[in-house]
Amino acid sequence: MGRKLLLEKAHVEGIRTYEVYRREGGYASVEKALKTMSPDQVTEEVKKSGLRGRGGAGFPAGMKWSFLAKPEGVPRYLVCNADESEPGTFKDRYLMEFIPHLLIEGLIVASYALGSNRTYIYIRGEYAWIVDILETAIAEANANGWLGKNIFGSGFDLQIYVQRGAGAYICGEETALIESLEGKRGNPRIKPPFPAVKGVWDCPTVVNNVETLAAVVPIINLGGEEYAKIGVGKSTGTKLISACGNINKPGVYEIDMTISVEEFIYSDEYCGGIPNGKRLKACIPGGSSVPILPANLLFKTAKGDTRIMNYESLSDGGFATGTMMGSGGFIVLDEDQCVVRHTLTLARFYRHESCGQCSPCREGTGWMEKILKNIETGKGKMSDIDLLWDIQRKIEGNTICPLGDAAAWPVAAALRHFRDEFEWHVLNPVESQQRNFGLAHYADPRPVPATA
Amino acid sequence: MAEEKKLFKVTIDNITIDVEPGTSILNAARMIGGDVAPPAMCYYSKLKGSGGKCRTCLVEVAAGSTADPRPMPKLVASCRTNVMDGMIVKNITSERVIDARNGVVEFLLLNHPLDCPICDQAGECHLQDLSYDHGKEGTRYEFGRRTFEKHDLGPYIQLHMTRCILCYRCVFTADQLTNKRVHGVLDRGDHAEIATYIEKSLDNDFIGNVIDVCPVGALTDKTFRFKNRVWFLKPVDAHRDCPKCSGKVTLWNRGDEVFRVTARKDQWGEVNDWICNECRFEKKATSDWVIEGPTQVSRQSVISQGHYVGLHKPKETLVEVLDGQKPRLLMDIHDVSEVNKPTVDLSKIAGPAHSDDFK
């Protein structure tokens, strides 16, 4: 049983309300930080904890905080990125819906560390009901003196505002989020300048994911060093994984990044295996943008090591044989799933969500979708597969924001690992409309190269 | 005494130049000029915030600076990346750049209608130039091209949304040149379009400049629509006393007739001085203007076809070679040859002549 830091109290009756949350030891980190620590000490603790951004990129949060420019007389802002729109990821939703005060608590501590007197939660437009939950929590925190002017005599003022997005995946990109927050069209900005220098209203800004900010609470409560002892290597602390797809127990799980992928899928504590005795075909371990892996690369790395659910192990082998931790949207595909169809679904999503600002992504995503649709419906040609590869290659790395990469990676990985399934679709246009390619050899053990 | 300014040394395609700090790679490359300057479809030096979107100006930074000589992992948009001291940039000397640029051109042309034969921008279209320089002959795109609902922008400006490459230049122009922002971009992704009820608010005196900044034929001059091809017209510099703008324009003439008026553009196709709608659309008589002289047009431009301004004509050397003798006709082949049957009177043949007529 892994250690739980975020969801430990998630199932306590009435934890959504302030009274129960406080009774269960909530807001202790705020007391500790505001009364006994300086802002720099808080940042230092977060640095020591090795906490990595939970939004997908995995950038060390403490380092991001220390990059924040601190010019005199210019306000600084903390923005909480709750625009969780990655297909397969729903961990922040769970966190905000069930223990909203944990996020508020983390926000107060982080705002104190960064010197933000106005902190925003930019929440995905589709999460309309969670806005009410957060507003209620903020009102309760206000009524009990955790927010407002001169909080507990510390001289620190803070107010938290919730801003709803209007339903755009791109607004989860931090600079697009800032544009949208300012009331403009949510187009990503061209970096540099980075938000740490020029963010919201051209003021220094830190944008962090919901889970990252919530994780500040146990870091302050335990101390950074204690927190860093959980997990392995540079993957410290606990991570929320939202598991879905062909598994017996879909849901949000908190793991301490030491369990293997195989255990995560098959143990009864977590996903509980694959329903109806089906076999595993493929898995996307970190949300739709990260590369898909066939079963034989999922449990063991190319070197033959057991793959663990953490940042390093999942990305072992680079994109050739590895994938990424991403935002923790764990999607499992069993043998009845068609990778071509699945890739088409993702390509359609990225075509729909491209902001249209820069040309490779605007034009390339639509093109990939159309070609994939042809292949899926049995109208594809062999040359289309190479063309797809060429298109994704020309999108990746050439766009303003990472959406172009995110659109290219799933297609690239599907072609890399499942090329024969694509070819089967092209060569068997009639049969491919009636049955699936099936598991084929995707679960066969791979030969492990001998090491000297 | 003026303080010595510290200049940054930057090497682009093996040519080193000293530039002021804060210069973008693109502008440094333009100072060198020629093929070293990356193409730019969306960047416009006169518009704040423009650039970074089209990705045609991507370059490879082989060394970030003297202090930190690591190369940048990704290609960067040269229009929005500032030079550092000791930076080494590869433009046309980098295969990655050429490859990426080919890709961008293909993407830009993917949904472009390629209706150049009926497009008023043809001949002065940046996308045309770009395609000739960096594009491939054929497309690999086998699907229908996107279309849009048509918007009527009134009597002066013609919008063809299908040709638009979403460079945002007109959006910045409307935003920065006019007092009231008149349009922006609606929708997103490949169905994004410039609109926002654009037709409802085009009464601004300077809105006509969106025609000049448009790199393609999406926004064209309606008063010039289908009147003439630009390469048949002679551009001349002219001016008038205008209370609203500088009044410095280029007239596009054929004979004495003024077909259209545009702002004067520099060698990068950028407007020197913005002009007002009255100068652009209303003053279409030669008598309205004081003509200064022919406009210098780049020799590369199709517009310079048939305009022999500043042309150096090679010397006729035949007489010199023949020691002062004039060439003379020795024999007219038609006088001695019957091959073409000189007796056949072409004017009496019904229809065009055929080889059968000479049998």
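Criteria and thresholds
- Residues numbered from 1 in each chain as written.
- Chains lettered and ligands numbered in written order.
- Predicted model: local features only at pLDDT ≥ 70, side-chain atom pairs only at ≥ 80, totals over all residues.
- Heavy atoms only, no water.
- Helix = DSSP H or I, 4+ residues; strand = E, 2+ residues; numbered from the N terminus.
- Rg over C-alpha atoms; globule rule 2.2 N^0.38 Å.
- Buried < 20%, exposed > 50% of the residue type's maximum accessible area, 1.4 Å probe, protein only.
- Contact = heavy atoms within 4.5 Å.
- Areas by Shrake-Rupley, 256 points an atom, 1.4 Å probe, with all protein chains shown as cover.
- Lys, Arg positive; Asp, Glu negative; His and termini not counted.
- Charge placed at Lys NZ, Arg CZ, Asp CG, Glu CD.
- 1 Å grid on protein atoms, 1.4 Å probe; cavity = no way out; pocket = protein on both sides within 12 Å on 5 of 7 lines; lining within 4 Å.
- Points joined across faces, edges and corners; volume = space filled by probe spheres on them.
- Nonpolar A, V, L, I, M, F, W, Y, C, P; charged D, E, K, R; others polar.
- Domains from an automatic or database assignment.
- Polar contact = N/O pair within 3.5 Å; in protein donor to acceptor, adjacent residues only side chain to side chain.
- Buried area = accessible area lost by both parts, 1.4 Å probe.
- Salt bridge = Lys/Arg side-chain N within 4 Å of Asp/Glu carboxyl O.
- Pairing = 2+ DSSP bridges.
- Axes fitted to C-alpha atoms, helices over the stretch in contact; angles between N-to-C directions.
- Phe/Tyr/Trp six-rings, centres within 6.5 Å; stacked < 30°, edge-to-face > 60°.
- Lys NZ or Arg CZ within 6 Å of the ring centre and 35° of its normal.

When you go through chain A residue by residue, the secondary structure sums to 19 helices and 11 strands. Taken against the 2.2 N^0.38 rule, which gives 22 Å for 452 residues, the C-alpha radius of gyration of chain A at 22 Å falls within 12% of a compact globule. Counting all 452 residues of chain A, 63% fall into the buried class. Put simply, 70% of the contacts in chain A that link residues at least 6 apart link residues at least 24 apart. For chain A, the exposed area adds up to about 16,600 Å²; of that, 52% sits on carbon and sulfur atoms. Distance between charge centroids for chain A: 3 Å, based on 50 positive and 54 negative side chains.

Attention shifts here to the layout of surface pockets. Residue and element names in this part refer to chain B. Approximately 1,400 Å³ is the volume found for the second largest pocket. For the lining of the second largest pocket, the secondary-structure elements that each account for two or more residues are helix H2 (95-110), helix H3 (126-134), strand E11 (248-254) and strand E12 (257-263). Of all the elements, H3 adds the most residues to the lining of the second largest pocket, at seven residues. Split by residue class, the lining of the second largest pocket holds 18 nonpolar, 14 polar and 12 charged. Shared between two domains, the lining of the second largest pocket takes at least three residues from each, and those domains are domain 1 (8-106) and domain 2 (118-226).

What follows is about H3(B). For H3(B), the complete set of buried residues consists of His126(B), Leu127(B), Gln128(B), Leu130(B), Ser131(B) and His134(B). Looking at the buried side of H3(B), the elements it contacts are H2 of chain B.

For the rest of this paragraph, the subject is the side chain of Thr205(A). All names here are of chain A. Assignment of secondary structure puts Thr-205 in strand E4 (residues 205-209). The class of Thr-205 is buried, set by a relative accessible area of 2%. Within the local environment of Thr-205, its side chain forms a polar contact with the backbone nitrogen of Val-200, the two atoms lying 2.8 Å apart. Among the polar contacts listed, one links the side chain of Thr-205 to the backbone oxygen of Cys-203, at a separation of 2.8 Å. Dropping the residues within four chain positions of it, Thr-205 is found in contact with Leu-68, Tyr-77, Val-79, Ile-178, Pro-195, Ala-196, Gly-199 and Val-200.

Residue and element names in this part refer to chain B. Under the domain assignment used here, chain B contains domain 1 (8-106), domain 2 (118-226) and domain 3 (318-358). Measuring from the centre of the C-alpha atoms in domain 1 to the corresponding centre in domain 2 gives 26 Å. At the interface, 17 residues of domain 1 touch 18 residues of domain 2. When the two sides are added together, the surface that domain 1 and domain 2 hide from each other amounts to roughly 1,500 Å², 63% of it contributed by carbon and sulfur. When the buried surface of domain 1 facing domain 2 is broken down by residue, Met-41, Leu-47 and Val-105 rank first, second and third, together holding 39% of it. Counting the contacts that link domain 1 with domain 2 gives one salt bridge. In this structure, Arg-140 and Glu-106 form a salt bridge, with 2.8 Å as the shortest nitrogen-oxygen distance. Taken together, the connections running from domain 1 to domain 2 amount to five residue pairs in polar contact (both at pLDDT 80 or more). Of the residues contributing to the side of domain 1 that touches domain 2, the split by class is eight nonpolar, four polar and five charged.

In this section: the sheet that holds E4(A). Residues and elements named next belong to chain A. Taken together, the four strands give an open sheet; going across it, the order is E3-E2-E1-E4, and neighbouring strands pair in parallel fashion. Here the strands that pair on one side only, and so sit at the sheet edges, are strand E3 (159-164) and E4. Each strand of the sheet is rotated relative to its neighbour by a mean of 20°, with strand direction disregarded. Across the sheet, helix H9 (residues 210-222) is in contact with strand E1 (76-82) and E4; its angle to E4 comes to roughly 90°.

Glancing now at the side chain of Thr56(B). Residue and element names in this part refer to chain B. Mapping Thr-56 onto the fold places it in the loop between helix H1 (25-32) and strand E3 (58-63). For Thr-56, a relative accessible area of 0% corresponds to the buried category. If we skip the residues at most four places from it in the chain, Thr-56 touches Pro-39, Ala-40, Met-41, Arg-101, Val-104, Leu-108 and Leu-130.

Residue and element names in this part refer to chain B. If you trace the four strands from one edge of the open sheet to the other, you get E12-E11-E10-E13, paired in antiparallel fashion. One side of each edge strand has no neighbouring strand; the edge strands of this open sheet are E12 and strand E13 (290-294). Each strand of the sheet is rotated relative to its neighbour by a mean of 35°, with strand direction disregarded. Pairing of strand E10 (residues 234-239) with E11 involves six bridges; the strand directions are antiparallel. Paired with His-239 across the bridge in E11 is Lys-248.

On to the domain arrangement of chain A. Residues and elements named next belong to chain A. For chain A, the assigned domains read domain 1 (18-229), domain 2 (240-334) and domain 3 (339-434). With centres defined by C-alpha atoms, the gap from domain 1 to domain 3 works out at 35 Å. Taken residue by residue, the interface counts 13 residues in domain 1 and 10 residues in domain 3. Carbon and sulfur atoms supply 68% of the area buried between domain 1 and domain 3, which totals about 920 Å² over both sides. For the domain 1 face of the interface with domain 3, the top three residues by lost area are Tyr-169, Ile-170 and Pro-188, together amounting to 50%.

This part is about the pairing of strand E2 (residues 15-19) of chain B. Residue and element names in this part refer to chain B. Relative to E2, strand E1 (residues 8-12) runs antiparallel, the two sharing five bridges. Its bridge partner lying in E2, Phe-8 is registered against Val-19. The antiparallel hairpin formed by E1 and E2 contains two residues in its connecting segment, where Asp-13 sits at a positive phi of about 45°.

Here the focus is the interface of chain A and chain B. Facing 35 residues of chain A, the contacting portion of chain B comprises 35 residues. Carbon and sulfur atoms supply 49% of the area buried between chain A and chain B, which totals about 3,000 Å² over both sides. Inspection of the chain A/chain B interface yields six salt bridges. Residue Arg146(B) pairs with Glu363(A) through a salt bridge whose shortest N-O separation is 3.1 Å. Listing elements by their share of the side of chain A that touches chain B, those giving two or more residues are helix H15 (339-353), helix H16 (359-376) and helix H17 (382-395) of chain A. At 10 residues, H16(A) tops the list of elements feeding residues into the side of chain A that touches chain B.

Residue and element names in this part refer to chain A. Structurally, Ile-265 is set in helix H11 (residues 261-266). Counting along the chain gives 17 residues from Ile-265 to Asn-248, while the straight-line C-alpha distance between them is 9.2 Å. With residues near it in sequence (within four places) discarded, Ile-265 still touches Cys-271, Gly-272, Gly-273, Leu-280, Leu-298, Phe-299, Phe-330 and Val-332.

Residues and elements named next belong to chain B. In total, this model carries 30 aromatic pairs over all chains according to the counting rule given. With 5.5 Å between their ring centres and 65° between their planes, Tyr-141 and Phe-143 make a pair best called edge-to-face. Note on Tyr-141: relative accessible area 6%, which makes it buried. Plain terms: the ring middles of Tyr-156 and Phe-281 are 4.3 Å apart, the flat faces sit at 5° to each other, and that makes the pair stacked. One end of the pair, Tyr-156, is in the loop between H3 and strand E6 (157-159); the other, Phe-281, is in helix H6 (residues 277-282), with 125 residues separating them in the sequence. One cation-aromatic arrangement involves Arg-240 over Trp-289; the distance from NZ or CZ to the ring centre is 5.9 Å. The ring of Trp-252 is capped by Arg-260, whose NZ or CZ atom sits 4.6 Å from the centre of that ring.

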